[in-house]
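# Examining the three-dimensional arrangement
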Amino acid sequence: MNLAWVVPLFPLCSFVLLLWFGRKWKQTSAYVGIAATLLSLLAAFGVLVSRLGGATYEANWTWMKIGDATLTVGVSVTALNAWMLVVVALVSWLVHIYSQGYMAGDERFSTFYAYLGLFTFAMLGLVLSPNLLQAYMFWELVGLGSFLLIGFYFYKEEAKAAAKKAFIMTRIGDVGFLIGVLLLFWQTKSFDYDDIFRAVGNGTLSPGMTTLTAILIFIGAIGKSGQFPLHTWLPDAMEGPTPVSALIHAATMVAAGVYLVAALFPLYEASAAAMMTVAVIGGGTAVFAATIGLVQTDIKRVLAYSTISQLGYMMLALGSGSYVAAIFHLTTHAFFKALLFLAAGSVIHAVHTQNIEEMGGLWRRLPWTAPLFLVGALSISGVPLFAGFFSKDEILAAAWTNGSVGLFWLAVAAALLTSFYMFRLFFLVFAGEARHRHDGAVHEAPMSMTAPMVVLGVLSVAAGYIQTPWFGSFLGEWLTDGAYHHEAAPGWIAVVAASVSLAGILLAWLMYGKRTVPRDWLSARAPYGYELLRRHYYMDDLYRSTVVALVSSISRLLGYVDRYLVEGLVQFVTGTVNAIAAAGSRGQNGQAQTYGLVAAAGLAMLVVIFALTGGDWL
Amino acid sequence: MTLSAYLALSLILFCIGLYGALTKRNTVIVLICIELMLNAVNINFVAFAKYGPHPSVHGHVFALFAIAVAAAEAAVGLAALIAFYRNRKTVRVDEANSLKH
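Residues numbered from 1 in each chain as written. Chains lettered and ligands numbered in written order. Predicted model: local features only at pLDDT ≥ 70, side-chain atom pairs only at ≥ 80, totals over all residues. Heavy atoms only, no water.

If you look chain B up in an unreviewed UniProt entry, it shows as NADH-quinone oxidoreductase subunit K from Geobacillus subterraneus. Taken verbatim from the UniProt record of chain B, the Subunit (unreviewed entry) comment is "NDH-1 is composed of 14 different subunits. Subunits NuoA, H, J, K, L, M, N constitute the membrane sector of the complex." UniProt's Sequence similarities (unreviewed entry) comment on chain B is quoted here verbatim: "Belongs to the complex I subunit 4L family." (UniProt positions renumbered as here; feature names shortened; annotations may be inferred.)

In the annotation of an unreviewed UniProt entry, the entry for chain A reads NADH-quinone oxidoreductase subunit L, and the organism field reads Geobacillus icigianus. In the Sequence similarities (unreviewed entry) part of its UniProt record, chain A is described as follows: "Belongs to the CPA3 antiporters (TC 2.A.63) subunit A family."

The next point concerns the overall build of chain B. In terms of helices and strands, chain B carries 3 helices and 0 strands. Going residue by residue from the N terminus, the α and β elements of chain B occur as α-α-α. Compactness check: chain B gives a C-alpha radius of gyration of 17 Å against a globular reference of 13 Å for 101 residues, more than 25% above the reference. With respect to the three principal axes, the spread of C-alpha positions in chain B is 50 × 25 × 20 Å. For chain B, buried positions account for 23% of its 101 residues. When contacts within chain B are restricted to residue pairs at least 6 apart in sequence, those whose partners lie at least 24 apart make up 53%. (Helix = DSSP H or I, 4+ residues; strand = E, 2+ residues; numbered from the N terminus. Rg over C-alpha atoms; globule rule 2.2 N^0.38 Å. Buried < 20%, exposed > 50% of the residue type's maximum accessible area, 1.4 Å probe, protein only. Contact = heavy atoms within 4.5 Å.)

Moving on, we come to the packing of aromatic side chains. On inspection of all chains with the given rule, the structure shows 35 aromatic pairs over all chains. Taken together, a centroid distance of 5.6 Å and an interplanar angle of 65° make the contact between Phe152(A) and Tyr153(A) edge-to-face. On the basis of relative accessibility, which here comes to 1%, the residue Phe152(A) falls in the buried class. For Tyr153(A), a relative accessible area of 18% gives the class buried. Centroid distance Phe373(A) to Phe430(A): 5.3 Å. Interplanar angle 55°. Geometry classified as tilted. Here Phe430(A) lies in helix H18 (residues 405-430) and Phe373(A) lies in helix H16 (residues 369-381), a separation of 57 residues in the sequence. As far as burial versus exposure is concerned, Phe373(A) and Phe430(A) are alike and both buried. Members of the aromatic cluster, joined through ring pairs, are Phe109(A), Phe112(A), Tyr113(A), Tyr115(A), Phe152(A), Tyr153(A), Phe154(A) and Tyr155(A). Sitting above the plane of the Phe152(A) ring, Arg108(A) keeps its charged end 4.5 Å from the centroid. If you follow Lys89(B) out to its NZ or CZ, it ends over the ring of Tyr85(B), 5.8 Å from the centre. (Phe/Tyr/Trp six-rings, centres within 6.5 Å; stacked < 30°, edge-to-face > 60°. Lys NZ or Arg CZ within 6 Å of the ring centre and 35° of its normal.)

For the rest of this paragraph, the subject is the UniProt feature "domain: NADH-Ubiquinone oxidoreductase (complex I) chain 5 N-terminal" (unreviewed entry) in chain A. Mapped onto this numbering, the UniProt entry annotates "domain: NADH-Ubiquinone oxidoreductase (complex I) chain 5 N-terminal" (unreviewed entry) at residues 63-113 of chain A. In residues 63-113 of chain A, helix accounts for 57% and strand for 25%; the two terminal C-alpha atoms are 31 Å from one another.

Here we take up the interface of chain A and chain B. With 6 residues of chain A at the interface, the matching set in chain B holds 11 residues. Buried area between chain A and chain B, both sides added, is near 590 Å², and the carbon and sulfur share of it is 51%. Considering only the surface of chain A that becomes buried against chain B, Asn589(A), Gln591(A) and Gln593(A) emerge as the three largest contributors, covering 72% of it. Here chain A is connected to chain B by 0 salt bridges. (Buried area = accessible area lost by both parts, 1.4 Å probe. Salt bridge = Lys/Arg side-chain N within 4 Å of Asp/Glu carboxyl O.)

Quick look at the pairing of strand S1 (residues 57-66) of chain A now. Residue and element names in this part refer to chain A. Bridge count between S1 and strand S2 (residues 69-77): 9 bridges; the pairing is antiparallel. Bridging from a neighbouring strand, asparagine 60 pairs with glycine 74 of S2. Between the antiparallel neighbours S1 and S2 lie 2 residues, among them glycine 67 with a positive phi of about 60°. (Pairing = 2+ DSSP bridges.)

Residue and element names in this part refer to chain B. Taking the numbering used here, the UniProt-annotated feature "transmembrane region" (unreviewed entry) corresponds to residues 6-22, 29-49 and 61-85. Across residues 6-22 one finds 100% helix and 0% strand; the C-alpha atoms that close the span lie 24 Å apart. Counting secondary structure, residues 29-49 comes out at 100% helix and 0% strand; the distance between its end C-alpha atoms is 30 Å.

Residues and elements named next belong to chain A. Taken together, the side chains of Val547, Val548, Leu550, Val551, Ile554, Leu557, Leu558, Val561, Leu565, Val566, Leu569 and Val570 present a nonpolar region at the surface, about 1100 Å² in accessible area. Tracing the backbone shows valine 551 in helix H24 (residues 539-587). Exposure remark for valine 551: the relative accessible area of 47% places this residue in the partly exposed category. (Patch = residues over 30% accessible without salt bridge, like charges linked within 9 Å, V, L, I, M, F, W, Y side chains within 5 Å. Areas by Shrake-Rupley, 256 points an atom, 1.4 Å probe, with all protein chains shown as cover.)

All names here are of chain A. Among the secondary structure elements, isoleucine 150 is positioned in helix H5 (residues 132-150). Since its relative accessible area comes to 0%, isoleucine 150 is described here as buried. Sequence-distant contacts of isoleucine 150, that is, excluding residues within four places in its chain, are made with Ala159, Ala162, Ala163, Ala166, Ala237, Glu239, Gly240 and His249.

Now for unusual backbone geometry. Residues and elements named next belong to chain A. Residue phenylalanine 228 is joined to proline 229 through a cis peptide bond whose omega torsion reads 5°. Its location among the elements puts proline 229 in the loop between helix H8 (207-224) and helix H9 (233-236). Phi angles above zero are rare outside glycine, and tyrosine 538 is one such case at about 55°.

What follows is about the side chain of Asp393(A). Residues and elements named next belong to chain A. Along the chain, aspartate 393 falls in helix H17 (residues 387-401). The buried charged residue aspartate 393 lacks any salt bridge, with lysine 392 as its nearest oppositely charged partner at 11 Å. Aside from chain neighbours lying at most four places away, what touches aspartate 393 is Ile493 and Ala494. (Lys, Arg positive; Asp, Glu negative; His and termini not counted.)

A few words now on the pattern of salt bridges. Residue and element names in this part refer to chain A. Tallied over the full model, the rule gives 11 salt bridges over all chains. One salt bridge connects arginine 301 with aspartate 236, and the closest N-O pair in it is separated by 3.4 Å. One end of the pair, arginine 301, is in helix H14 (residues 299-319); the other, aspartate 236, is in helix H9, with 65 residues separating them in the sequence. With a relative accessible area of 16%, aspartate 236 lands in the buried category. Through salt bridges that share partners, Lys165, Asp236, Arg301 and Asp540 make up one connected network.

Quick look at the nonpolar core now. Residues and elements named next belong to chain A. Core analysis: the largest hydrophobic core is formed by 207 residues, its most contacted members being Tyr268 and Met422. No other element matches the 21 residues that helix H15 (residues 323-351) contributes to this core. Setting aside residues no more than four positions away along its own chain, methionine 422 makes contact with Leu303, Ser306, Leu340, Phe373, Ala377, Ile380 and Ser381. (Core = buried A, V, L, I, M, F, W, Y, C linked by side-chain atoms within 4.5 Å.)

All names here are of chain A. Look at helix H1 (residues 9-25) against helix H2 (residues 29-53): their axes get within 9 Å of each other, and the N-to-C directions meet at 175°. As far as their axial angle goes, H2 and H1 are roughly antiparallel. Residue-level inspection shows Phe10, Pro11, Ser14, Leu17, Leu18, Gly22 and Trp25 of H1 in contact with H2, the latter providing Ser29, Val32, Gly33, Ala36, Leu39, Ser40 and Ala43. Looking at the contact of H1 with H2 residue by residue, the class counts come to 9 nonpolar, 5 polar and no charged. (Axes fitted to C-alpha atoms, helices over the stretch in contact; angles between N-to-C directions. Parallel < 35°, antiparallel > 145°, perpendicular 65-115°, else oblique. Nonpolar A, V, L, I, M, F, W, Y, C, P; charged D, E, K, R; others polar.)

Right, let's talk about helix H19 (residues 447-462) of chain A for a bit. Its 16 residues place the ends of H19(A) 22 Å apart at the C-alpha level, agreeing with the 22 Å of an ideal helix rising 1.5 Å per residue. Buried within H19(A) are the following residues: Ser448(A), Met449(A), Thr450(A), Pro452(A), Met453(A), Leu456(A), Gly457(A), Leu459(A) and Ser460(A). (Expected span 1.5 Å × (residues − 1).)

On to H8(A), then. Residue and element names in this part refer to chain A. Across its 18 residues, H8 extends 26 Å between first and last C-alpha, which sits within 8% of the 26 Å expected from 1.5 Å per residue. By the criterion of burial, H8 is predominantly enclosed, with 13 of the 18 residues buried. Two residues or fewer after H8 comes glycine 226, characterised by a positive phi angle close to 60°.

This paragraph deals with the packing of H15(A) against H17(A). Residue and element names in this part refer to chain A. The interhelical angle for the contact between H15 and H17, taken along N-to-C directions, is 155°, at an axis separation of 9 Å. Taken as axis vectors, H15 and H17 run roughly antiparallel relative to one another. Between H15 and H17 the crossing geometry is left-handed. On H17, the residues that touch Ala325, Phe328, His329, Thr332 and Phe336 of H15 are Ala387, Gly388, Phe390, Ser391, Lys392, Glu394 and Ile395. Split into classes, the residues belonging to the contact of H15 with H17 amount to 6 nonpolar, 4 polar and 2 charged. (Left-handed = near helix turned anticlockwise from the far one by under 90°.)

Given below as structure tokens:
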């Protein structure tokens, strides 16, 4: 376990190597990236296994001393960190393999792998951080990796704009995070998680300050995890290559916000107001994003809104006090959402469009992708026996036992919407007849793309069995060092969860599979409501006409100040100097006759002065 | 004839020489104008040697000396001018500016 620090180093090596030699290696670059992440994965497994039998490991090295404060860097292997290491390394490895097929033939193939390496390094570093300062640095590095990968197709205007939007919007959250971290340091004189928890425990940190810092740090998590109201960057981030959407914008980076709140859980537990904020934002986002997902027509955008909604679920679990349920759902979500994105990538690869209106009838054409997509959809919808069912059930139980009935029913509503829009997607893409002729033959993706999907498909089912009401709660007991006791949630919650998910599937089948209910049922009855959903509640337009307009008018004003006031002053100074210099250089013209003339004039002047004054001053 | 008449002549010659040396663009004329100024000085020497407060032969000696030096100067100046003319095909003094840039 004391070798845990090597886990993030393999992807870093891959990043550096590919940056230097990538252009020469071309397609071979993939093997470098795959090998590096495989080593990381093996090391992460090693760490997990030794953590299973051992205690928490932490090592710190002094980084610098400022005044009487010592800043340290280090690694910390708690149960949560070891678990996250494996999840991140595993998904990253599978995405590396998948990308070999998906990105084949791209001009900047090796650059893509280099960026993936950078991102994986940052994410693994983030989950190993023992203190907030180090976590903040990796947090920003993760954001950088995301920026580079969203903007990978930088020749597309939309991709460029999306990359900038993602970076700026998450930065807004990060400012909150940074202020929270600095406040904590000011109060506790330490960035270490353990010191902070101790300060919370013994009352060094006042209750008001606890709430304030917890909420400020949660703002950072809102930005990164795409929660309302900072969620609008995540759907736009789908401009990036699909494997990136799977790795960063579904499985790992967006889960960083959940991870952060989970890592700081004792801080949140100490403040009821902060917990309530987390739960309300999470529950609200879960339903909010799910309703938008109902009407989107871009396959990746539906999945993006579904990601936002599922992250809202995790936040709801955290806010309801169930740390275990959140991490459990984070894990299962990482697998089934990565699977769904990879399958979506495979569909896009086959038909070269992202518009689900132009798909249809792909079930027979894609014999691997279609069943795997179905597995992912069943899992995310929470159909019994699939992983998503167990984790979602856990969250619903947590919300119920926490006593927030309103949030519980919100979560149930979100579950219904989730299964409906997932199966709307499934039926529109795979069932029925092809609605559009595609150029070239539609064919299944190569092995390198289907194999990772198969692995994720197995995990999308199997991952649920680490924490079930029947076989015991292995994950919960391990994450909480045995202190976990399964809340005696009423048995009917599982029944409700299962029935709403089946109801959603049935409804979707009636509308899009069998078509007994017309497709324009909603848009015909409530055109304004439909339009509202289709335009994502006008959130982008709202931001454009308020925040963006305000900031750009301020910047335009400052631009004028710069151009006319500052620049004018500078122009004046340079103009003056230039004029003096021009006058001087006219005198220094190199003509002996001019110099003679000046000398003679000077002499004449002296003579005149001499004559007028009579020479007394000599 | 009084001293002031000689001095007036010398002054007029000197001013003509100065004017020519400063305004003419032809190097030959500039050189001639410099000769004019030197000769104005020579007239001063000789005038003071004859009519000055302390007449002596020193003035004559200096005048002769100055004439010799002026001859040498004219020879060197004209030689330099011819070399310049061969190089640049001009005798204009304001075009002798190759050291400027």
